[in-house]
Amino acid sequence: MTTSTAPQACDLLIEAGWVVPVEPAGVVLEDHAVAIADGRILAVLPREQARARFSAGEVVSRPEAALIPGLVNSHCHNPMTLLRGVADDLPLMVWLQEHIWPVEGQVIGPEFVADGIELAVAEMLRGGTTACAENYFFPDVQASTYSRLGFRALVGLPVIDFPTAWARTQDEYFDKGLEVHDNWRRDPLVSLCFVPHAPYTVNDAGFERIRMLADQLDLVVHCHTHETAQENADAMKAHGMRQLARLDRLGLVNDRLMAVHMTDLTDAEIALCAERGVSVVHCPESNLKLASGFCPVAKLQKAGVNLGIATDGCASNNDLDMFGEMRTAALLAKGVSGDPSALDAASALRAATLGSARAMGLGDSIGSIEPGKLADLACVDLSPLETQPLHHVISQLVYATGRQQVSDVWIAGKARLAGGKLLDMDTDAIRAKARRWRERIAGLRGGA
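A few points on the structure. (Residues numbered from 1 in each chain as written. Predicted model: local features only at pLDDT ≥ 70, side-chain atom pairs only at ≥ 80, totals over all residues. Heavy atoms only, no water.)

### What to know about the packing of aromatic side chains
Tallied over the entire structure, the rule returns seven aromatic pairs. Seen from their ring centres, F112 and W437 are 5.3 Å apart, and the 80° between their planes marks the pair as edge-to-face. Taken as a pair, F112 in helix α3 (residues 110–126) and W437 in helix α15 (residues 427–444) lie far apart in primary sequence, 325 residues in all. Classification of F112 by relative accessible area gives buried; the value is 1%. (Phe/Tyr/Trp six-rings, centres within 6.5 Å; stacked < 30°, edge-to-face > 60°. Helix = DSSP H or I, 4+ residues; strand = E, 2+ residues; numbered from the N terminus. Buried < 20%, exposed > 50% of the residue type's maximum accessible area, 1.4 Å probe, protein only.)

### Side note on helix α13 (residues 345–359)
Taking 1.5 Å as the rise per residue, α13 with 15 residues should run 21 Å; its terminal C-alpha atoms sit 20 Å apart, in good agreement. Residue A351 marks the point of greatest curvature in α13, where the axis turns by about 45°. Summarising burial for α13: 12 of the 15 residues are buried, a large majority. What α13 keeps buried is the set A345, S347, A348, L349, A351, A352, T353, L354, G355, S356, A357 and A359. Following α13 by one or two positions, G361 adopts a phi angle in the positive range, close to 80°. (Expected span 1.5 Å × (residues − 1). Bend = angle between axes of the 7 residues up to and from the residue.)

### With respect to the sheet that holds strand β7 (residues 152–159)
In space, the eight strands of this open sheet follow the order β5-β6-β7-β8-β9-β10-β11-β12, with parallel pairing throughout. At either margin of the open sheet sits one strand with a lone partner, and together these are β5 (71–76) and β12 (306–309). Across the sheet, the mean angle separating the axes of adjacent strands is 25° when strand polarity is ignored. The pairing of strand β10 (residues 257–261) with strand β11 (residues 279–282) spans three bridges and is parallel. Pairing of M258 across the sheet is with S279, part of β11. (Pairing = 2+ DSSP bridges. Axes fitted to C-alpha atoms, helices over the stretch in contact; angles between N-to-C directions.)

### Topic: unusual backbone geometry
Of all residues except glycine, most have a negative phi; of all peptide bonds, most are trans. Backbone torsion omega between E23 and P24 reads 5°, so that peptide bond is classified as cis. Turning to its location among the elements, P24 is positioned in the loop between β1 (8–19) and β2 (29–37). Put simply, Q388 and P389 share a cis peptide bond, and its omega is -10°. Within the secondary structure layout, P389 lies in the loop between β13 (377–381) and α14 (393–399). For F138, which is not a glycine, the phi torsion comes out positive at approximately 55°. Checked against the element boundaries, F138 lands in the loop between β6 (129–134) and α4 (139–149). Since its relative accessible area comes to 8%, F138 is described here as buried.

Here it is as structure tokens:
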């Protein structure tokens, strides 16, 4: 007498020529499949075994593609996508104080934030990115827009010493931010954190309050710091200590800190970050474009510091291309350290996925292809001539692949890009909104 076991039901089975799970590091699984149910990964197994074990509501077969975790952009200012190209080829503080802030002051508001994020989400999805860490104003509008678009985001609750269209006083920043936290903390796609702009724009009392609330609410603190050597020189004059020392004095140098940029670091500061569990978010192309300095990635890696990779905003990059960012990060690490093995291809991919997810406090949910994790995934077509011959899949993904080779994207198992086409997004309408903002901003700048 024989017994047969009925196939296990699942919502989606994705078959790929190669599955790159990121965890374990450097592994490539040839001719594998990923089974998904209720937005989560059920199993990762050889394709033939998957077909025998699962009865899927939908099967997506991509025999010439690599399936990777969705890329995670761990620092961006996505409403500023509408300022792409407004001011280029300028030093950081000139760019910020004389160009970006004056224009922002005239256009920032709920509509600007929503339209900029919509344009950014379209760009990110087309490039295989499934999650981002947002650093901007009107977090209520941000959360609503990301949730509506089905995109995963860590939305920051802003704190800065001067008044903006979002809030006028420090108390108002905290009061409104905590209200946003209470309204959105249970959303499946939106997570919350604090985003004090930078040590040079937030006072000690503000940082102390952030530390207390971050401890109470278990929130990440997402902050620009050590972006340039000049920033630390100014900090020495103002506070008698470098920025990281000041943050440490205020109790913020811990495993909740996402320290963004970190181009100007001493060996002792690197050791402190490793000891305290700080995550460093590296924005190589923005730092290069603004001549802000070089993040010592090889030293951070060697010390065991968690590293994320991000694009920064479109006003200073000028794109949201995480494939380009991985390549630049890997090449720059080698050039800065003089070591060609620094930030190898597998490490670069890991930083752009699991490393970024961990920095954002989401490492248990996304960033790798493992059973139980959310099914945030991207398929990358490796059949084009530009990625042939295929000797090493991960090297090809980092050093030769363009974002236009992303064919499919899923967030929590829901298709957001299929066959290279965006789903549930009106690209003509997005383009029309972007053109209207261009005309408005050009008018404010005298047609410049």
